[in-house]
Amino acid sequence: MLKVYVNGEDNESAYEAKTKGYYFFLNDEAWKLSRNVTVNIKMVKDVIDKELMEGYLKVLKYLACELSPASVKVINNNFRRFIVSVEPKRVDEFSLVRFRGSDGKNNNIMSSVRILIKKWYELGYSGIDEDAYDFLCKMIIPDNKKGEVVRRRDKVKGPLTDIELQSFLEACYRAYEKGNIDITQLAMALLTSATGRRPLQISQMKVSDIRRLKVNENSYSYVISIPRIKQGLGFREACRNFQVTKELYDLL
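Trainee: So what exactly am I meant to see when it comes to the pattern of salt bridges here?
Mentor: Here the idea is simple: oppositely charged side chains can pair when their charged atoms come close. All told, the structure shown has seven salt bridges when counted by the stated rule. One salt bridge in this structure joins Lys89 and Asp49, with 3.4 Å as the shortest N-O distance. Of this pair, Lys89 sits in the loop between α3 (69–86) and α4 (93–101) while Asp49 sits in the loop between α1 (42–45) and α2 (50–66), and the two are 40 residues apart along the sequence. Judged by its relative accessible area of 59%, Lys89 falls in the exposed class.

Structural data, given as structure tokens:
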């Protein structure tokens, strides 16, 4: 937590997000939790009952400090769906059953709501009945089968085929030659294609991550290091190396 002073006086406390270097205030209408993620707090404030407001803000603050920015954004968006759907003044078992029978049929949505409400009750903030907590603890939510579309090579949501990938790369080069994209956009497209890394990982790279290593008297190896982000690690705490072509190295 960071104290902010205005004209020498102690003002509202700012909290540091999971992504180091990003701070937010509890009563802001939007929390910027990383370079690419901003959570819209106002869209929940506009629809939530005032009796639930304090608990909502404090629990979401806790999650913003502990979870990835993308996860917090999804949780916030899906909690709004819960509020709009059942308009609860308190969260009890009946309100959760109603939601589960309507908008909460999607397992991903219900999982998000469960994370928020369970933590709300466990932290001791008012607004959550014990029967709601017990209901969520007993609820079995099927896995969303991560990776299934990759394994079955789904034509719409699955990975690109070799032919599709080659077509994509050729289209990138044509777009650059025609002036439709600049060299930075070309580099980002080729880097993402070559490594399959997420945008947040790419944006955390530094110039020192692009290296040419001497193998012997006449040859070099071209390596890039990309930060890891999904293992609960801090900013650039660990990286993974990728060998790339000389052409991509020169472009970067």
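Trainee: Is there a simple way to think about the nonpolar core in this case?
Mentor: In globular proteins that are soluble, nonpolar side chains generally tend to be buried together. With 39 residues, the main nonpolar core has Trp31, Tyr56, Phe79, Phe82 and Leu96 as its most contacted residues. Of all elements in the fold, only α2, α3, α4, α5 (107–123) and α6 (130–138) reach the threshold of two or more residues within this core. Broken down by element, this core gets its largest block of residues, seven residues, from α2. Other than its neighbours up to four places away in sequence, Phe79 contacts Val44, Ile48, Tyr56, Val113, Leu116 and Trp120. The next biggest cluster of nonpolar side chains, apart from the first, holds 13 residues, and it includes Leu190, Leu191, Tyr222 and Leu248.

Trainee: How do you make sense of the packing of α2 against α5 when you look at a structure like this?
Mentor: Geometry of a packed helix pair, given as the angle between the helix axes and the separation of the axes. At a closest axis distance of 10 Å, the pairing of α2 and α5 adopts a crossing angle of 105°. Taken together, the axis directions place α2 and α5 in an arrangement best described as roughly perpendicular. Counting all contacts with α2, which are made through Leu52, Gly55, Tyr56, Val59, Leu60, Tyr62 and Leu63, the residues of α5 involved are Leu116, Lys119, Trp120 and Leu123. Broken down by class, the residue content of the contact of α2 with α5 amounts to nine nonpolar, one polar and one charged.

Procedures and definitions
- Along each chain, numbering runs from 1 in the same order as the chain's sequence is written.
- At least 70 in pLDDT is required for a residue's local features to be given in this predicted model, at least 80 for side-chain atom pairs to be given and counted, and no such filter applies to totals for whole chains, interfaces and linings, which use all residues.
- Each side-chain value is worked out from all heavy atoms of the structure, with water and hydrogens disregarded.
- Here a salt bridge means any side-chain nitrogen of Lys or Arg lying within 4 Å of a carboxyl oxygen belonging to Asp or Glu.
- What counts as a helix is a DSSP run of H or I of at least four residues, what counts as a strand is a run of E of at least two, and both are numbered from the N terminus.
- Between buried and exposed lies partly exposed: a residue is buried under 20% and exposed over 50% of the maximum accessible area for its type, with that area taken using a 1.4 Å probe on protein chains only.
- In this text, buried Ala, Val, Leu, Ile, Met, Phe, Trp, Tyr and Cys residues form a nonpolar core when linked through side-chain atoms within 4.5 Å.
- The contact definition used throughout considers only heavy atoms, calling two residues in contact when any of these lie within 4.5 Å.
- Helix axes are fitted to C-alpha atoms over the stretch in contact, other axes to C-alpha atoms as well, and angles between N-to-C directions run from 0 to 180 degrees.
- Comment on the angle field: the value is read as roughly parallel under 35 degrees, roughly antiparallel over 145, roughly perpendicular from 65 to 115, and oblique elsewhere.
- For this scheme, ten residues count as nonpolar: Ala, Val, Leu, Ile, Met, Phe, Trp, Tyr, Cys and Pro. Four count as charged, namely Asp, Glu, Lys and Arg, and the remainder, Gly too, count as polar.

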